[in-house]
Structure formats: structure tokens, C-alpha cells
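Here are the chains, one letter per residue:
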Amino acid sequence: MSGIPEALEAARKFGMRIIPGVEISTMFSPRGESGSEEPVHVLAYYSSCGPTRCEELEKFLANIRDGRYLRAKNMVLKLNNLKLPLKWEHVAKIAGKGVAPGRLHVARAMVEAGHVENLRQAFARYLYDGGPAYSTGSEPQAEEAVKLICETGGVAVLAHPWALKNPVTIVRRLKDAGLHGIEVYRSDGKLAAYNDLADDYGLVKLGGSDYHGRGGQGESDLGSVNLPVLAVHDFLKVARPIWCNAIRNILESYIKEPSDMNLEQITRFARNRNSKGDSPLGCGKDLIDLCLTSWLTNEERQNPEFEAIKLKFSNISINVPIESN
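Residues numbered from 1 in each chain as written. Predicted model: local features only at pLDDT ≥ 70, side-chain atom pairs only at ≥ 80, totals over all residues. Heavy atoms only, no water.

S.K.: Can you help me understand the overall build of the protein in this one?
M.R.: When its secondary structure is counted, the protein shows 13 helices and 8 strands. Relative to a compact globule of 325 residues, whose C-alpha radius of gyration would be 20 Å, the protein shows 22 Å and is just as compact. Dimensions of the protein, computed from the C-alpha atoms along their principal axes, are close to 65 × 45 × 35 Å. Within the protein, buried positions represent 46% of all 325 residues. (Helix = DSSP H or I, 4+ residues; strand = E, 2+ residues; numbered from the N terminus. Rg over C-alpha atoms; globule rule 2.2 N^0.38 Å. Buried < 20%, exposed > 50% of the residue type's maximum accessible area, 1.4 Å probe, protein only.)

S.K.: Looking at this structure, I do not really get the packing of helix 9 (residues 229-256) against helix 11 (residues 284-295). What am I missing?
M.R.: If you want to describe how two helices pack, look at the angle between their axes and the distance between the axes. Put simply, helix 9 and helix 11 touch, their axes get as near as 12 Å, and they point 165° apart. It follows from the interaxial angle that helix 9 and helix 11 lie roughly antiparallel. For the pair helix 9 and helix 11, the sense of crossing is right-handed. Along the contact surface, helix 9 presents Arg 240, Ile 247 and Leu 251, while helix 11 presents Ile 288, Leu 292 and Trp 295. (Axes fitted to C-alpha atoms, helices over the stretch in contact; angles between N-to-C directions. Parallel < 35°, antiparallel > 145°, perpendicular 65-115°, else oblique. Left-handed = near helix turned anticlockwise from the far one by under 90°. Contact = heavy atoms within 4.5 Å.)

S.K.: How should I be thinking about helix 2 (residues 54-81) in this particular structure?
M.R.: An α-helical turn contains 3.6 residues, so a residue and the one three or four places further along point in the same direction. Under the 1.5 Å per step criterion, the end-to-end length of helix 2 is 41 Å for 28 residues, consistent within 8% with the ideal 40 Å. Where helix 2 is concerned, the buried positions are Cys 54, Leu 57, Phe 60, Leu 61, Ile 64, Gly 67, Arg 71, Ala 72, Met 75, Val 76 and Leu 79. Here the buried face of helix 2 lies against strand 1 (21-28), helix 3 (88-95), helix 4 (103-112), helix 5 (119-127), helix 6 (142-151) and helix 10 (260-267). (Expected span 1.5 Å × (residues − 1).)

S.K.: Looking at this structure, how should I read the environment of Arg 120?
M.R.: Within the secondary structure, Arg 120 sits in helix 5. When the C-alpha atoms of Arg 120 and Leu 104 are compared, they prove to be 9.8 Å apart, with 16 residues separating the residues in sequence.

S.K.: For this particular structure, what's the right way to read the pattern of salt bridges?
M.R.: Between side chains of opposite charge, pairing is possible as soon as their charged atoms come close. On inspection of all chains with the given rule, the structure shows 10 salt bridges. A salt bridge links Asp 129 to Arg 103; the shortest N-O distance between them is 2.8 Å. Here Arg 103 lies in helix 4 and Asp 129 lies in the loop between helix 5 and helix 6, a separation of 26 residues in the sequence. Overall, Arg 103 belongs to the buried group, its relative accessible area being 12%. One connected set of salt bridges, linked through shared partners, spans Arg 53, Glu 56 and Glu 151. (Salt bridge = Lys/Arg side-chain N within 4 Å of Asp/Glu carboxyl O.)

S.K.: Help me understand the packing of aromatic side chains, please; the structure alone is not making it clear to me.
M.R.: We describe a pair of aromatic rings using the distance from one ring centre to the other and the angle between the two ring planes. Here the structure, examined in full by the defined rule, presents 4 aromatic pairs. Measuring from centroid to centroid gives 5.4 Å for Tyr 45 and Phe 235, while their planes differ by 70°, and the two rings are edge-to-face. Remark: Phe 235 occurs in helix 9 and Tyr 45 occurs in strand 2 (residues 38-45); sequence separation between them is 190 residues. Pairing Trp 162 with Tyr 194 gives two aromatic rings, centres 6.1 Å apart and planes at 70°, and the pair type is edge-to-face. Taken together, the residues span a long stretch of sequence, with Trp 162 in the loop between strand 3 (155-158) and helix 7 (167-177) and Tyr 194 in helix 8 (residues 192-200) at a distance of 32 residues. By relative accessible area, which is 15% here, Tyr 194 ends up buried. Through successive ring pairs, a cluster of aromatic residues spans Tyr 45, Phe 235 and Trp 243. (Phe/Tyr/Trp six-rings, centres within 6.5 Å; stacked < 30°, edge-to-face > 60°.)

S.K.: Help me understand the pairing of strand 1 in this model?
M.R.: For a regular strand, the rule is simple: side chains alternate between the two faces of the sheet. Burial within strand 1 is extensive, with 6 of its 8 residues counted as buried. In the sheet, strand 1 pairs with strand 2 via 8 bridges, with the strands oriented antiparallel. Within strand 2, the position partnered with Thr 26 by the bridge is Val 40. (Pairing = 2+ DSSP bridges.)

S.K.: Where do I start with helix 5 in this structure?
M.R.: Within the sequence span of helix 5, burial applies to Leu 119, Gln 121, Ala 122, Phe 123, Tyr 126 and Leu 127. Contact partners of the buried residues in helix 5: helix 2 and helix 4. Two or three places before Arg 120, at the opening of helix 5, Asn 118 has a side-chain oxygen 3.3 Å from that residue's backbone nitrogen. (Polar contact = N/O pair within 3.5 Å; in protein donor to acceptor, adjacent residues only side chain to side chain.)

S.K.: Can you walk me through the packing of helix 4 against helix 5 in this structure?
M.R.: Running from N to C, helix 4 and helix 5 cross one another at 110°; their axes reach a closest spacing of 9 Å. Classed by the angle they form, the pair helix 4 and helix 5 counts as roughly perpendicular. Touching Arg 103, Leu 104, Val 106, Ala 107, Arg 108, Met 110 and Val 111 of helix 4 are Leu 119, Ala 122, Phe 123, Tyr 126 and Leu 127, all from helix 5. For the contact of helix 4 with helix 5, a count of residues per class yields 10 nonpolar, no polar and 2 charged. (Nonpolar A, V, L, I, M, F, W, Y, C, P; charged D, E, K, R; others polar.)

Encoded structure:
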């Protein structure tokens, strides 16, 4: 989630609102039920303040990233065994320093090495789920991811269910773990089967382009999904109370223990601005007024619990730099 502060800053210049989130690669195990183990992608949507217990979430994501290195190396090994010579250093260079390599980076290396004509061909022939060069990493169980998303103040949504072999079984199990929604809309329109599945399990209906920059005709354009305004309304109706509770927990944690770590939790996605230039915030209430203005609606800010929190922050001295415009 390290790109979110930059995304928030860029969006602010264009009058757009960003919902911080992350797509988590997981595995689903049938556990005696019909079907086989398969990869499942779970989306987490957080408030503008970000997740609670962020250290726990970061560790969870870091374990997945570490597994991606091993996974990418295994894919390179499989490609070499398929008489498609590829060097690990090539893949790592494409991914960039500190970036966990994924299938997209391997695919780009294949294109540059001349093994395939384009990224789409790399996935269609070798890197698709279960393909000859496909490899799994250290993905957590899908239910574990959903539970952690819920415990850290996020909204958990099942991504592109049309890619699953056993969507009904997976939705039933993930719903029991706390799943809030399911993607129903995509660039080619709403899929009736998944619309009904959402209704059957009382899930919020969302959608997305699943754009990952792969290129080719096999990938929808960024922003190509026509998500109905009513769907957004239904999503926010579920999300806003969850986010408000998360924000309240984060602020109250700092009041109980005004440590640098708890302050970082408040400001990790915030770039507070003041037209008067760079200066420290001397009063905690100044910081919270700025944050709550961007995090909450007018109605939410008038909640007695947040009014009480602002009052408590007025007695706390905080030294936080404010960036100038």
C-alpha cells in the first residue's frame, strides 16, 4: 500500500477521491468439500485514515511479498525447463528495487527475451492459473485474509468471481468469515449469475476493470466499468460505519498512548496543507480538525463521539509539519 500517499496527492489536484485499498492474493482450500484448491483474490477497502493495526496488516502483506520472490524464481525455473531461457536478474531488474516480482514482470521479461510477442501471449500460453510456468507462492487462506481485513477496519470484497471454478462454495465460506461484497459489474456489463449470488448471500455489489497494465485485448481499460451510482451508494452505506469505527479506534489509541507510532498511524496517509507555509501544528485539535475534514462527512463529524475526541485532542501538544501548497 506504499503508493497510496502519492495517489491521494495526485487525486487531490484533480478533485478526485481515492479509497485506499489493496488486492490480496490468497488460496481457497475445499476442506472435504467438492472441488480443488484454487487462487482467490480478495479486495480490501479502507478509510482515508487507513487500516487499524497497520503493523499487523503490513506483516501479513510482507509475508505474501516474500513468497512472491520464491514464486517468481520458480516460474523462471519452469520456463528454463521449457527451453525458454530467462535470467532471474532480468526479471528482478524489470520489477525494480524493493518490488516483489509478479507474473507481469516475468511476462515482460519474456517479451524482451523474444519468447513471446506480447504480454497477453505470455499469460495465455504459459503464466495463466495452472499454466505450464505457473507457480504458487506463500498465499494465505482466503478466510484468513477476509477476517484480517474486517479486524483492521476494512471492507472485504471478492474480486472477479467469474474466474473461479467453485464460486458458490467460496462465497458461502467467505461470507461466514465476514465478506461484505462481491464484484458483479465489469466492462462487458453485469453478470446475472453473480448478481443473484450477491442477493442470495446479502453481499454488496461492486465491480472493477481488473486493470494491471498487462496490455493487449485481453485486459479491460482502466475505468472501463460503468458502476451504477446506486451500487456506490449501497457500498458506502456499508463502508462508512466500518470506516468511522476504525477512525475512532485509531484516534482513541493515540489519546490513550500518545506515542510516535500511534501518531504515524494517524498521519501515514495524510499530507496536511496550509497556505501560510511550513509550520508545526502545536495543538492536537488543529491536526484532528484537518484530518476529520477530509476523512468524514459533515454529519459524521458532528457525532458526539468525534466531538468528544476533538476536545481531548485540544489538550495534547503535537509537533507535526504542514506542507505548503
